[in-house]
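So the chains spell out like this:
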Amino acid sequence: MKNPLDPRHKKRQKAVEDLFKLEFHKQPVSDYTKEILSHVDFIDTEITKAAPEFPIEKINRIDLAILRLSFYELLIDKSQPPKVIIDEAIELAKEYGGEKSPKFINGALGKMIKDDKLASI
């Protein structure tokens, strides 16, 4: 389990919570979440490529929030090594998601990496 006091983990937790809550109602969000949302069309396209059997509207909302954060960090932000981002996504899935969330998140991220620009991880 990640150190709950790690500022990067706390930042990711806040982003996942913001992204999840926005699925249900408008609310103020962090600048980091706003940055993720500014790329949501591109991110959702990439998620759809990585998990074509799961349309965006059918993905569990918390899993979608974790995927949006992870795809943003992997494809746009790129400030952390991919292995760190994937490990963190799986931890967030264990923390917030359902029983199948970690496996689903890992599978979608693994497929994106295999199919995309990050094959050199």
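Rules used throughout
- Residues numbered from 1 in each chain as written.
- Predicted model: local features only at pLDDT ≥ 70, side-chain atom pairs only at ≥ 80, totals over all residues.
- Heavy atoms only, no water.
- Salt bridge = Lys/Arg side-chain N within 4 Å of Asp/Glu carboxyl O.
- Helix = DSSP H or I, 4+ residues; strand = E, 2+ residues; numbered from the N terminus.
- Axes fitted to C-alpha atoms, helices over the stretch in contact; angles between N-to-C directions.
- Parallel < 35°, antiparallel > 145°, perpendicular 65-115°, else oblique.
- Left-handed = near helix turned anticlockwise from the far one by under 90°.
- Contact = heavy atoms within 4.5 Å.
- Phe/Tyr/Trp six-rings, centres within 6.5 Å; stacked < 30°, edge-to-face > 60°.
- Buried < 20%, exposed > 50% of the residue type's maximum accessible area, 1.4 Å probe, protein only.
- pLDDT = per-residue confidence, 0-100.

Asks: What is the right way to read the pattern of salt bridges from this model?
Replies: Two side chains bearing opposite charge may form a pair once their charged atoms approach each other closely. Inspection of the entire model under this criterion finds nine salt bridges. As a salt-bridge pair, R61 and E23 come within 2.8 Å of each other at their nearest N and O atoms. Pair noted here: R61 is in helix α4 (residues 61-77) and E23 is in the loop between α1 (7-22) and α2 (31-37), with a separation of 38 residues, a long-range link. A salt bridge links K49 to E46; the shortest N-O distance between them is 3.1 Å. Here K49 pairs with E46, and both are found in helix α3 (residues 40-50), just three residues apart, close to one helical turn.

Asks: Honestly, the packing of α1 against helix α5 (residues 82-96) in this entry has me stumped. Any pointers?
Replies: Between two packed helices, both the angle of their axes relative to each other and the distance between the axes serve to describe the pair. Following both chains from N to C, one finds α1 and α5 inclined at 55°, their axes separated by 11 Å at the closest point. Considering the angle they form, α1 stands oblique to α5. Handedness of the crossing formed by α1 with α5: right-handed. Residues H9, R12, Q13, V16 and E17 of α1 form the contact with α5, whose own contacting residues are I85, E88, L92, E95 and Y96.

Asks: Would you mind showing me how to read the packing of aromatic side chains here?
Replies: Aromatic ring pairs are defined here through the distance separating the ring centres and the angle between the ring planes. All chains considered together, the criterion is met by three aromatic pairs. With a centroid separation of 5.1 Å and 65° between ring planes, the pair formed by F20 and F24 is classed as edge-to-face. For the ring pair Y32 and Y72, a centre distance of 5.8 Å and an interplane angle of 80° mean the geometry is edge-to-face. With Y32 in helix α2 and Y72 in helix α4, the pair connects residues that are 40 residues apart, well separated along the chain. For Y32, a relative accessible area of 14% translates into the label buried. For Y72, a relative accessible area of 5% corresponds to the buried category.

Asks: Where do I start with the side chain of T33 in this structure?
Replies: Structurally, T33 is set in helix α2. The contacts of T33, once residues within four sequence positions are left out, are A15, D18, L19 and L22.

Asks: How should the confidence of the model for the protein chain be read in this particular structure?
Replies: Any residue range with low pLDDT should be treated as having predicted coordinates unsuitable for detailed reading. Model confidence for the protein chain is summarised by a mean pLDDT of 91, while 92% of its residues fall at 70 or above. Looking across the protein chain, the model is least confident in helix α6 (residues 101-115), with a mean pLDDT of 91, and most confident in α4, with 97.

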